[in-house]
Structure formats: structure tokens, C-alpha cells
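# Notes for the structure review
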Amino acid sequence: MRIGCHLSIAKGFSAAAKVAPTLGANAFQYFTKNPRGFRNAKPLDRVDAERGRALMQELDLVAVGHTPYLINLATPDDSLYAASIEALVQDLVIAEARGTYGVVVHCGKPKDQGREWGIERMQEALRAVLERNATEGVRILIENTAGQGSEIGTTLAELLAIVEPFSLDQVGICLDTQHAFAAGMITREAPEAFEGFNRPDFMNRLHAIHLNDSKVEFNARKDRHEMIGQGALGLDGIARIVNDPRLEHIPFYLETPVDKESQYADEIATVRSLLHQ
Ligand SMILES: [Zn+2]
Ligand SMILES: [Zn+2]
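Cut-offs used in this document
- Residues numbered from 1 in each chain as written.
- Chains lettered and ligands numbered in written order.
- Predicted model: local features only at pLDDT ≥ 70, side-chain atom pairs only at ≥ 80, totals over all residues.
- Buried ≥ 20, exposed ≤ 12 C-beta atoms within 10 Å, placed from the backbone.
- Helix = DSSP H or I, 4+ residues; strand = E, 2+ residues; numbered from the N terminus.
- Arc of directions from axis to C-beta.
- Contact = placed C-beta atoms within 7 Å.
- Core = buried A, V, L, I, M, F, W, Y, C linked by C-beta atoms within 7 Å.
- Pairing = 2+ DSSP bridges.
- Right-handed = clockwise from strand over helix to strand, strands pointing away.

### Concerning helix α5 (residues 156–163)
Residues Leu-156, Glu-158, Leu-159, Ile-162 and Val-163 constitute the buried set of α5. Buried residues of α5 fall within an arc of 165 degrees about the axis and therefore sit on the same side. For α5, the elements touching its buried residues are α4 (115–132), β5 (139–143), β6 (171–176) and α7 (200–203).

If you want it as C-alpha cells, here you go:
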């Protein structure tokens with residue numbers, strides 16, 4: 001199984017690639033830019049990116065980038081919309097330089113404009129990004145949301161509607177288990193019953209799973225991650241997900257609220273201990 005966690009790249013991307021195996025990870029996620037801002041991003045360190053890329057091959061790692069939270073591809077605010085498109089274009093370049101196969105971006109928030117409008121606004125943003133995109137081998141991975149505020153992407157139908165016009169090579173999906181649970185998309189008792197896992201139009205898009213337990217109950221519509229086994233999804237719910245043969249080939253990324261990165265070693269070990277041989 002491919003499993004890893006979100007890692008800081010404060011000491012460089014290549015440093016994160018070195019840390020991953022020490023935690024038992026063979027996959028990792030990083031923030032493409034400061035997660036809370038994007039206007040004053042540091043320029044890409046190409047030497048570090050190349051070093052990290054080589055290390056990933058040597059250590060058999062895969063990675064995805066995560067865009068800053070400020071990106072909102074469905075915003076009615078024209079200046080934030082333009083900045084979000086610009087940021088995503090850059091993030092694809094950053095991900096390509098680092099040899100990482102995807103860039104995760106959350107579904108947008110259309111405020112009071114409505115969900116239909118939001119879906120179209122997001123598609124228009126994705127079209128604008130892809131028109132300018134010259135990278136290869138990096139997919140935009142649209143992440144489902146918990147449904148806080150006006151967030152779209154809380155149902156299978158909405159996720160499929162957003163990605164439908166785009167080629168499989170360019171736009172995929174990242175499924176966050178906490179968001180899916182909080183949005184009422186998957187249950188604790190039978191998360192494997194999620195309809196998407198049986199649908200080729202979903203599975204052909206699915207390239208990453210954010211494996212998180214939930215601090216909040218089913219359908220609570222809040223984005224609150226919990227440590228594996230300590231939340232409302234629980235060890236049983238998590239075990240059912242990681243043992244599902246349909247998800248065998250999908251990399252899992254933990255984004256659980258550890259105090260320090262070294263704790264991910266235990267989180268990863270916990271997940272591995274749930275695997276039936
Ligand atoms: Zn996530
Ligand atoms: Zn989240």
C-alpha cells in the first residue's frame with residue numbers, strides 16, 4: 001500500500017523526501033506555498049526540486065502538492081478569482097519541477113451565488129488554468145469538501161459534474177475521508193458502500209485519498225480532522241476503507257492533527273496494522 005502524510009517543506013522539498021521513509025511513509029503531501037497566503041510566495045528552488053525528484057525515485061516515493069487554502073476557484077470576487085487561477089497555474093509548475101504527480105485543490109465557495117453557479121465558475125477557472133498550463137504529468141486533483149459555509153463538492157454528483165468536461169489526464173479527484181463523512185457521503189458502518197467506488201467515472205479520476213478520522217459526527221458539515229482511530233469514523237471505519245480492494249492502488253495521505261511530524265510514524269503504523277494480509 002502507498003501511505004504517507006502531509007510534511008513540511010520549510011527545510012526544503014528534498015528534506016521532506018528524506019524524512020518520509022523514516023516515518024514509514026512511501027508517499028507524502030506538501031504545501032506548494034504558504035498555506036495561508038499566496039501573494040508573496042518564495043520563488044521555486046530548482047536545485048532543491050531536482051534533488052528531491054531524484055530522491056523520490058531512489059526511495060520509491062510519490063507525492064502530491066496541496067494548494068494554499070486561500071485559493072477559491074468558485075469565488076464571486078473577481079480579484080480573488082484571478083489570483084486563484086494564477087496561483088494554480090504556478091502550483092502546477094512547482095509540482096512538475098518536483099516530479100510530483102498531482103496538485104490538490106479544494107472545491108470552491110460561491111458564497112450566495114448558489115451551487116450551480118459555483119460549479120460553472122469552477123469549470124471556467126479550470127479551463128483558464130489548463131489553457132495556460134504547459135506542464136506534463138501533473139493532474140489537478142479536485143478535493144471534496146465537508147460542506148462548511150457555501151463549499152461545493154459535497155456529493156458524488158457535484159464532484160462528477162465539476163470534473164466531467166475535462167480530460168482524465170488533466171483533472172482528477174482527491175477524496176478526503178473526513179470531509180466525505182462530515183458531508184454525509186460516507187458512513188462509519190459501511191464507508192465502502194459509497195457509490196463512487198463502483199463507478200468508473202469516479203474511479204478513473206481518483207488519484208489520492210486523504211485518510212483522516214473525524215472530530216465531528218456524520219453529516220456535521222465541519223472540516224475537523226482527528227487522529228486515526230480517535231474520531232467518529234474510528235478504527236473500524238478506517239479499516240474498511242484501507243482494506244477495500246478497489247482502493248488498493250490509490251495512495252493514502254494522512255492529514256491528522258499531530259503535534260509534531262514524528263508522530264506520523266505511529267499514525268502510519270496504526271493504519272498498516274489495520275491491513276488484512
Ligand atoms: Zn484533505
Ligand atoms: Zn480538511
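### Some thoughts on the nonpolar core
Counting 73 residues, the largest nonpolar core has Cys-5, Ala-25, Phe-28, Val-103, Ile-140, Leu-141 and Ile-142 as the members making the most contacts within it. Considering every element that reaches this core, the biggest residue donor is helix α3 (residues 78–97), with seven residues. Discounting chain neighbours no more than four positions away, the residues touching Leu-141 are Val-64, Gly-102, Val-103, Val-104, Gly-172, Ile-173, Cys-174, His-207 and Ala-208.

### Some thoughts on the pairing of strand β4 (residues 102–106)
For β4, a buried count of five out of five residues is recorded, marking the element as mostly surrounded by other parts of the structure. Across three bridges, the pairing between strand β3 (residues 62–66) and β4 is parallel. Each bridged residue has a counterpart across the sheet, and for His-66 the counterpart in β4 is Val-104. One crossover worth recording links β3 to the parallel β4 by way of α3, and it is right-handed. As defined by bridge partners, β4 adjoins β5 across five bridges and the pair is classed as parallel. Within the sheet, the bridge partner assigned to Gly-102 lies in β5 and is Arg-139. Since β4 and β5 lie parallel, the crossover through α4 that links them has a hand, and here it is right-handed.

### Here's the deal with the pairing of strand β2 (residues 27–31)
Judged by how many residues are buried, β2 sits mostly within the fold: four of five residues are covered. In this region the chain leaves strand β1 (residues 3–6), passes through helix α1 (residues 13–22) and returns to the parallel neighbour β2; the handedness of that crossover is right-handed. Of the pairings in the sheet, the one linking β2 to β3 comprises five bridges and is parallel in character. Each bridged residue has a counterpart across the sheet, and for Ala-27 the counterpart in β3 is Val-62.

### Details of unusual backbone geometry
Phi angles above zero are rare outside glycine, and Lys-111 is one such case at about 55 degrees. Lys-111 sits in the partly exposed class, given 15 other C-beta atoms within 10 Å. Unlike most non-glycine residues, Arg-221 shows phi in positive territory, near 60 degrees. Inspection of the secondary structure puts Arg-221 in the loop between β8 (213–214) and β9 (225–226).

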